[in-house]
Amino acid sequence: MKKSRDNKDHIFNELSDAEKVAYQYNAIIETTSEGYWVNDMQGNFLEVNNAFCQMSGYTRDELLTMKIPDIEAKETPQETKKHIEKIIKTGNDSFETKHRRKNGEIYDVEITTTFLTIYGGRFFVFIRDVTERKKSESNLQLSAKVFSTMTDGVVITDATQKIINANNAFCKNTGYPLDELLGQKPSILSSGWHDKKFYNDMWKQINKTGKWQGEIMDRRKNGELYTAETSIVSIKNKEDIITHYIAVSSDITLKKEQEEVINNLAYYDGLTKLPNRVFFEERFNHKIAVAKRKNSNIALFFIDLDNFKIINDTFGHLIGDKFLENAAKRLKDAIREEDIVGRFGGDEFTILIEDFKTASSLGVIAGKIVDIFNQPFKFNSHDFFSGASIGISVYPENGKTYHELMKAADTAMYHVKALGKSGYEFYSKTMGEIVSERMALNNNLRSALANNEFHLVYQPKIDVSLNKVYGMEALLRWNSPNLGFIPPDKFIPVLEENGLIYEVGLWIIKQALSDTKSFYGAGFNDLCISINISYIQIENDDFLEDLGRIVDEVGIAKSNIELEITETQIMNNLEEALAKLKEITKYGIKISIDDFGTGYSSLSYLKKLPADTIKIDKSFVLDIDKNEDDRSIVQAIVALSKSLNKSVIAEGSETQTHIDILKELGCTKVQGYFYSKPLSYEEFISYMKNFR
């Protein structure tokens, strides 16, 4: 090796100075990593180094037969020609362009060229392959573009958590311009929503795993709260030391609000804002699991508002909705904060009560709710009376699942309905029979009218001062082929609940008027026929028209027709009832107030009622000879009726003593078993013929 070097040194030393310079020049050109060529003014390659051969993929011999346009990929031959002319004038140039390798691949190059006039003009060119650098620059530019335009907010901090950069989205989300963020810590956004433990746990995970992801409630510059879905990562150097933190966040406030709206639609009643049936069941099942684990009790109240249908149908859905909103508020006010009220549907509500001490404490709550709903609801200066029927079931005595307890509470509620509404009952196994009986009534009633199962009976009304039958009351009877004879007080409330009362009521009117006309034909003229009607009938907009049509069809004097409606039904919706009753009296038909004394009327209301007759309830008459209070009440009603120029009749007159006392008190019109029980059509004619 040493001998070879010595030979080269000997050869080099024998060269002339000019040859030594040329030798050194060639050595430099061949050993540099940059490409090199020499070209003439026409662009012909005159000399190339090995680096350029490797860079271009051509051999030296191939390149020395080529021109610059043969490898140029950016400029056209014309542009290259002009470029050469420009360099001749300036003497040098540095620029970037693109070349094409022999295999067709395009790559980026940086050119540095010098023009000398020697040898007729020569260009000495150094070429650097900058493809990788250009890619890096492009990637950096792309990263910067992505950073500035991405919709997610990005903030970068140093190792001390001071902000060193943030993108446009982050500034927009937070409301802070970049210059106000630089040097600050992200804690500038803290809303106070999260406690210290939240942040401690977050940084503990970042330091342990290098990342954290979750939702953070932050505060914008204007003080507005917003929710950000955030990912935080730590950046380390080669020595495994944290140098930066990067947080990427997305403002999901609108998404959270939309989720809340969807959640409310799915789980809450839109009108009352109470948990709906689905959510109430979920909460109840959770409470059952807790009660099972703690060996504790849970109570379920099933509440049905007694007269909501009448209010809703009469005054429309707007008043009906306000009524339900008010009802929901009353229920929430009646229970503890930890108890749960839900709207089951329509006018049905449910209440979950846990950690109660005794069954009697549940009774106190239920009684409170019943009392609250016995108070009037006030809308637009009107008083509306409802009432609430409540069924109560208890876990685990009445069931171990939600559906078992719901069925038990529902059964107990229907038992309250059967007993007359507005009250509460605890579930017992015997109630199932009562509910089954009521369901059987409902099912059989739906075909009773079409199957001619109804018939009327008539109880005479007597004027004892004249010893004369002046009229009769038509009473509905039902003898079911499946169930046998059913008392009216059992099936008429069911007719009102299932809506059949209107159709059946029209049948009663037509049949009673037809029978009355037949009584006239038998020689018993001018009898006044009294027909019971429900408020559900008169609140129907078609009632007056249907009544008039039937009267015209039968052909009977309107002055001989009297419609009886109970005081309680009138007081349930007084203003509307007054308007409807006045329409009927204007038509020429009489009105009788039935069961008077059992409602909540006052003298001022009684004065407004367009009633011809006040009918004293039999509960005051039956003990009139034994109870001084009953006697006083009857005496007061008679005096009041006469002062208002209204006729008065006492029902429940069953003994001669009753008759004598009533006559003594000034009541000469009576109705009761002393004179006659309710009679069939044929029996009534016979009774009239034999009446003394």
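Cut-offs applied
- Numbers given for residues are sequential positions, taken from 1 along each chain in its written order.
- With the structure being a predicted model, the display of local features is reserved for residues of pLDDT at least 70 and the display and counting of side-chain atom pairs for 80 or more, all residues being used for whole-chain, interface and lining totals.
- Note that water and hydrogens are dropped before the side-chain values are worked out from all heavy atoms of the structure.
- Runs of H or I in DSSP of at least four residues are treated as helices and runs of E of at least two as strands, each being numbered from the N terminus.
- Any N or O atom pair separated by 3.5 Å or less is treated as a polar contact, with the protein-specific requirement of one donor-capable and one acceptor-capable atom, and with residues adjacent in sequence counted only for side-chain atom pairs.
- Any two residues whose heavy atoms approach within 4.5 Å are treated as being in contact.
- Cavity means a closed set of points on a 1 Å grid over the protein atoms alone, one where a 1.4 Å probe fits but cannot get out, pocket means an open set with protein on both sides within 12 Å along at least 5 of 7 lines, and lining means a residue has an atom within 4 Å of a point.
- Grid points are joined across faces, edges and corners, and a volume is the space filled by probe spheres set on the points.
- Here the rule is simple: two strands pair whenever DSSP picks up at least two bridges between them.
- Note on geometry: axes are lines fitted to C-alpha atoms, helical ones only across the stretch in contact, with angles between N-to-C directions running from 0 to 180 degrees.
- Given the number of residues in a helix, its expected span is that number minus one, multiplied by 1.5 Å.
- Relative accessibility under 20% of the residue-type maximum defines a buried residue, over 50% an exposed one, and the middle range a partly exposed one, all with a 1.4 Å probe and only protein chains included.
- Helix crossings get a hand from a simple test, with the near helix turned counterclockwise from the far one by less than a right angle marking a left-handed crossing and a clockwise turn marking a right-handed one.
- Three categories are distinguished: nonpolar for Ala, Val, Leu, Ile, Met, Phe, Trp, Tyr, Cys and Pro, charged for Asp, Glu, Lys and Arg, and polar for the others, with Gly belonging to the last.
- Here, a salt bridge means any side-chain nitrogen of Lys or Arg that lies within 4 Å of a carboxyl oxygen of Asp or Glu.
- Surface patches are defined over residues having more than 30% relative accessible area and no salt bridge, joining like charges when they lie within 9 Å and nonpolar side chains (Val, Leu, Ile, Met, Phe, Trp, Tyr) when within 5 Å.
- Computed by Shrake-Rupley with a 1.4 Å probe, the accessible areas treat only the displayed protein chains as cover when residues are assessed.
- What pLDDT conveys is the predictor's confidence in a given residue, as a value from 0 to 100.
- Aromatic contacts are taken between Phe, Tyr and Trp rings whose centres are within 6.5 Å, Trp giving its six-membered ring; a plane angle under 30 degrees counts as stacked, one over 60 as edge-to-face, and the others as tilted.
- Counting as a charge over the ring demands two things of the Lys NZ or Arg CZ atom: a distance within 6 Å of the ring centre and an angle within 35 degrees of the ring normal.

Draft legend 1. Main features of the side chain of R101. Within the element layout of this structure, R101 appears in the loop between β3 (92-100) and β4 (106-116). Here the side chain of R101 touches D129 through a polar contact of 3.3 Å, side chain to side chain. Every residue in contact with R101, bar those within four places of it in the chain, is listed here: M55, S56, Y58, Y107, D129 and T131.

Draft legend 2. Representation of the layout of surface pockets within the structure. Reported here for the second largest pocket is a volume of approximately 440 Å³. Around the second largest pocket sit 22 residues that line it, and P186, S187, M202, I216 and I232 are the ones nearest its centre. Looking at the lining of the second largest pocket, the elements that each hand over two or more residues are β6 (153-158), α10 (196-209), β8 (211-219), β9 (225-236) and β10 (242-251).

Draft legend 3. Summary view of the sheet that holds strand β16 (residues 388-395). Spatial strand order, β12-β13-β11-β16-β17: five strands in an open sheet with mixed pairing. Edge positions in the sheet fall to β12 (340-345) and β17 (423-426), since each has one partner strand and no second. Looking at each pair of strands side by side, their axes are set apart by 20 degrees on average, direction ignored. Taken together, the four bridges between β16 and β17 define a ladder with parallel strand orientation. Following the sheet pairing, I390 is matched in β17 by Y424. Sheet strands in contact with helix α14 (residues 317-334) are β11 (298-305), β12 and β13 (348-354), and its direction is about 10 degrees off that of β13.

Draft legend 4. Geometry of the sheet that holds β8. A sheet is described by the order of its strands in space; here five strands give the open sequence β7-β6-β10-β9-β8, paired in antiparallel fashion. Looking at which strands have only one partner, the edges of the open sheet turn out to be β7 (163-166) and β8. The sheet shows a mean angle of 25 degrees between the axes of neighbouring strands, taken without regard to direction. Pairing of β6 with β10 involves six bridges; the strand directions are antiparallel. Across the sheet, residue G153 finds its bridge partner in β10, namely S249. Sheet contacts for α10: β8, β9 and β10; angle to β8, the most-contacted strand, approximately 150 degrees.

Draft legend 5. Here's a closer look at helix α12 (residues 277-294). An ideal rise of 1.5 Å per residue puts 26 Å on 18 residues; α12 measures up with 25 Å between its terminal C-alpha atoms. Turning to α12, its buried residues number three or more, namely F279, F280, F284, K287, I288, V290 and A291. The distance from a side-chain oxygen at the start of α12 to the backbone nitrogen of V278 is 3.2 Å, and the residue carrying that oxygen is N276. N295 occupies a position one or two residues after α12 and carries a positive phi of about 60 degrees.

Draft legend 6. Layout of the packing of helix α19 (residues 501-521) against helix α28 (residues 681-690). The N-to-C vectors of α19 and α28 enclose an angle of 35 degrees; their axes lie 11 Å apart at closest approach. Seen from above, α19 lies across α28 with right-handed handedness. Residue-level contacts link D515, S518 and F519 of α19 to Y681, F684 and I685 of α28. The residue makeup of the contact of α19 with α28, split by class, is four nonpolar, one polar and one charged.

Draft legend 7. Local environment of helix α27 (residues 656-664). Among all positions of α27, only H658, I659, I661 and L662 are buried. Where α27 is buried, its residues touch α25 (618-621), α26 (628-643), β25 (647-651) and β26 (669-671). Phi turns positive, to about 100 degrees, at G666, one or two residues after α27.

Draft legend 8. Up close: the pattern of salt bridges. Throughout the structure, instances matching the rule amount to 31 salt bridges. Between K102 and E62 there is a salt bridge, and its shortest N-O distance comes to 2.9 Å. Here the residue K102 occupies a position in the loop between β3 and β4, and E62 occupies one in helix α4 (residues 60-63), the gap between them amounting to 40 residues. Its relative accessible area of 46% is what places K102 among the partly exposed residues. Look at E62 and you get partly exposed, because its relative accessible area is 27%. Linking K510 and E553 is a salt bridge whose minimum nitrogen-to-oxygen distance equals 3.6 Å. Here the residue K510 occupies a position in helix α19, and E553 occupies one in helix α21 (residues 543-554), the gap between them amounting to 43 residues.

Draft legend 9. Just a nonpolar patch on the surface, in detail. A cluster of nonpolar side chains, L116, I118 and Y119, forms an exposed patch at the surface whose accessible area comes to about 330 Å². Tracing the sequence through the fold places L116 in strand β4.

Draft legend 10. Inspection of empty space enclosed by the protein at higher detail. For the structure shown, the criterion picks out one cavity of 30 Å³ or more. By volume, the largest cavity amounts to about 160 Å³. What lines the largest cavity is a set of 16 residues, among which W37, I68, I87, F95 and I111 lie closest to the centre. Every element with two or more residues in the lining of the largest cavity is listed here: β1 (35-39), α6 (77-90), β3, β4 and β5 (122-129). Top element by residues in the lining of the largest cavity is α6. It accounts for four residues.

Draft legend 11. Highlighting the confidence of the model for the chain. Per-residue pLDDT for the chain has a mean of 87; in total, 91% of the residues score no lower than 70. Taken together, the stretch residues 1-5 has pLDDT below 50 and engages in zero contacts with residues farther than four places along the chain or on a different chain.

Draft legend 12. Quick peek at the pairing of strand β21 (residues 528-532). Burial analysis of β21 places four of its five residues in the buried class, which makes it a mostly covered element. Pairing of strand β19 (residues 468-480) with β21 involves four bridges; the strand directions are parallel. Its bridge partner being in β21, G471 is matched across the sheet by C528.

Draft legend 13. Representation of the packing of aromatic side chains within the structure. Under the criterion given, the structure shown has 27 aromatic pairs. Ring geometry for F115 against F123: centres 4.8 Å apart, planes inclined by 45 degrees, an arrangement best described as tilted. Summarising the burial analysis for this pair, F115 and F123 share the class buried. Three or more aromatic residues joined by ring pairs form one cluster here, namely F308, F323, F373 and F377. In this structure, K558 packs its charged tip against the face of Y587, placed 3.8 Å from the ring centre. The lysine or arginine in question, K669, covers the ring of Y470, its NZ or CZ lying 4.8 Å from the ring centre.

Draft legend 14. Representation of unusual backbone geometry in the model. Of the consecutive residues Y395 and P396, the connecting peptide bond is found in the cis state with omega at 5 degrees. Look at D240: it is not a glycine, yet its phi comes out positive at around 65 degrees. Position of D240 relative to the elements: it lies in the loop between β9 and β10. Phi angles above zero are rare outside glycine, and N467 is one such case at about 50 degrees. Topologically, N467 is positioned in the loop between β18 (454-463) and β19.

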